[in-house]
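Residues per chain are reported as follows:
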Amino acid sequence: MSNPILPPIVDVVEARPLSDYRIALLFEDGKRGIYDASPLIGAGVFHTLEDPLVFNTLRIEYGTVVWPGGIDIAAEELYENCISV
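Overview of the structure.

Reading guide: rules and limits
Residue indices follow the written sequence of each chain, beginning from 1 at its first position. Whole-chain, interface and lining totals are the exception, using all residues; otherwise, since this is a predicted model, local features are given only for residues with pLDDT of at least 70 and side-chain atom pairs are given and counted only at 80 or more. Just so you know, side-chain values use all the structure's heavy atoms and leave hydrogens and water out. In this description, a nonpolar core means a group of buried Ala, Val, Leu, Ile, Met, Phe, Trp, Tyr and Cys residues linked to one another through side-chain atoms lying within 4.5 Å. Exposure categories follow from relative accessible area, calculated using a 1.4 Å probe and restricted to protein chains: below 20% of the type maximum is buried, above 50% is exposed, and the middle band is partly exposed. Only DSSP runs of H or I with at least four residues qualify as helices, and only runs of E with at least two residues qualify as strands; both kinds are numbered from the N terminus onward. Contact criterion: two residues are considered in contact whenever any of their non-hydrogen atoms come within 4.5 Å of each other. Any two of the Phe, Tyr and Trp rings considered here, Trp counted by its six-membered ring, make a pair once their centres fall within 6.5 Å; the pair's planes then place it as stacked at under 30 degrees, edge-to-face at over 60, or tilted in between. Any two strands between which DSSP finds at least two bridges are classified as paired.

### Looking at the nonpolar core
Then comes step 1: Of all hydrophobic cores here, the largest spans 18 residues; its most connected members are Ile23, Leu25, Tyr35, Phe55, Val65, Trp67 and Leu78.
Then comes step 2: For this core, the elements supplying multiple residues, two or more each, are strand S2 (22–27), strand S5 (64–67) and strand S6 (71–73).
Then comes step 3: For this core, the leading source of residues is S2, giving 3 residues.
Then comes step 4: For Leu78, the contacting residues outside a window of four places in its chain are Val12, Leu25, Phe27, Tyr35, Thr64, Val65 and Ile73.

### Section: the packing of aromatic side chains
Then comes step 1: For the structure on display, the rule yields 3 aromatic pairs.
Then comes step 2: Ring plane angle 90 degrees and centroid distance 5.3 Å describe the contact between Tyr21 and Phe55, whose orientation is recorded as edge-to-face. Highlighted residues: Tyr21 in the loop between strand S1 (12–18) and S2 and Phe55 in helix H1 (residues 52–55), separated in sequence by 34 residues.
Then comes step 3: Residue Tyr21 is classed as partly exposed on the basis of its relative accessible area of 23%.

### Section: the sheet that holds strand S3 (residues 32–36)
Then comes step 1: Spatially, the 4 strands line up as an open sheet ordered S1-S2-S3-S7, and their pairing is antiparallel. Strands at the two margins of the open sheet, each flanked by one partner only, are S1 and strand S7 (83–84).

### A word on the pairing of S2
Then comes step 1: Of all the 6 residues making up S2, 5 are buried; the element is thus mostly covered by neighbouring parts of the structure.
Then comes step 2: As paired elements, S1 and S2 share 6 bridges and run antiparallel to each other. Within S2, the position partnered with Pro17 by the bridge is Ile23.
Then comes step 3: Between the antiparallel neighbours S1 and S2 lie 3 residues, among them Asp20 with a positive phi of about 60 degrees.
Then comes step 4: With antiparallel pairing between neighbouring strands as the criterion, S2 and S3 make up a hairpin whose turn holds 4 residues, including Gly30 at a positive phi of roughly 95 degrees.

In structure tokens, the structure reads:
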């Protein structure tokens, strides 16, 4: 039985909120991108992020984007699904 190859974990080093629930990102390997979080907003734990004032409180912790209340998006998700800029 073979092990699946897991993508490398690349930490987020800069993040800032943009309009329409998007996040501008810089990763430790130099990749820059924009992640569209709008499909997540309103679902499950992400319901509190519907308020733009709450969404804009994002910060980086442990190499990924987090919000108050223990809400986060995995660094791998951000890296693999952001649009490079």
